[in-house]
Amino acid sequence: MTAPPYIFSSLPTVVAVAPTTTILALIDARQYDYMSVQIENLDLTQTFVGFIQRRLNLANEFATSTLPDFSEVLPGTSVTADLDTASAADMRVIGTMSGAGGDVRITVKDYRRK
C-alpha cells in the first residue's frame, strides 16, 4: 500500500469528516518525540468518533491505538491528547461523524528531537 502525501499543519485546520472513515492528518512522526493533538467538533448535532493509528516501520500496516481520547467527541466540544511518538514512523488521525457528515478543527503541536 502506498502512503498518501503527508497531511500536517501546526495551524488549526478545518476538515470535512464523512460518515465513513476520513483521514484528518497523516504525519511523518520520525522527527518528533511527542505530539499534542486537539480535535474540536464544530458540528452542533453530530458526534465525532476518532482514533489514532501508528506504524513502527513504513513496511507495516497502520494499527489502531487503544487510546480512547477521541472515541467520542460530542457536538460542540473539544478533546486534546498527548502522544508519545518517539517509536512511530508514521501516525494518522482518522474518524467518522455520526450523521451525514460535518466539520472538525484539528491542531497538531509537535516537540522536535534535538
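Residues numbered from 1 in each chain as written. Predicted model: local features only at pLDDT ≥ 70, side-chain atom pairs only at ≥ 80, totals over all residues. Heavy atoms only, no water.

Caption draft 1: Expanded view of the overall build of the protein. Regarding its fold elements, the protein presents zero helices and eight strands. A buried classification covers 39% of the 114 residues belonging to the protein. Summarising the internal contacts of the protein: among those between residues at least 6 apart in sequence, 81% fall at separations of at least 24. Of the roughly 6200 Å² that the protein leaves accessible, carbon and sulfur atoms contribute 54%. (Helix = DSSP H or I, 4+ residues; strand = E, 2+ residues; numbered from the N terminus. Buried < 20%, exposed > 50% of the residue type's maximum accessible area, 1.4 Å probe, protein only. Contact = heavy atoms within 4.5 Å. Areas by Shrake-Rupley, 256 points an atom, 1.4 Å probe, with all protein chains shown as cover.)

Caption draft 2: Looking closely at the pairing of strand 7 (residues 90-97). Within strand 7, seven of the eight residues are buried, which leaves the element mostly enclosed by the surrounding structure. Bridge count for strand 2 (residues 22-28) against strand 7 is six bridges, and the pairing is antiparallel. Counterpart to Thr 22 in the pairing with strand 7 is Gly 95. Relative to strand 7, strand 4 (residues 48-55) runs antiparallel, the two being bridged by eight bridges. (Pairing = 2+ DSSP bridges.)

Caption draft 3: Expanded view of the sheet that holds strand 4. One open sheet holds the four strands; their spatial order is 2-7-4-5, and the pairing between them is antiparallel. With one partner strand each, in any of the chains shown, strand 2 and strand 5 (63-64) form the two edges of the open sheet.

Caption draft 4: Molecular detail of the packing of aromatic side chains. As enumerated under the stated definition, the model contains zero aromatic pairs in all. The ring of Phe 62 is capped by Arg 92, whose NZ or CZ atom sits 4.0 Å from the centre of that ring. (Phe/Tyr/Trp six-rings, centres within 6.5 Å; stacked < 30°, edge-to-face > 60°. Lys NZ or Arg CZ within 6 Å of the ring centre and 35° of its normal.)

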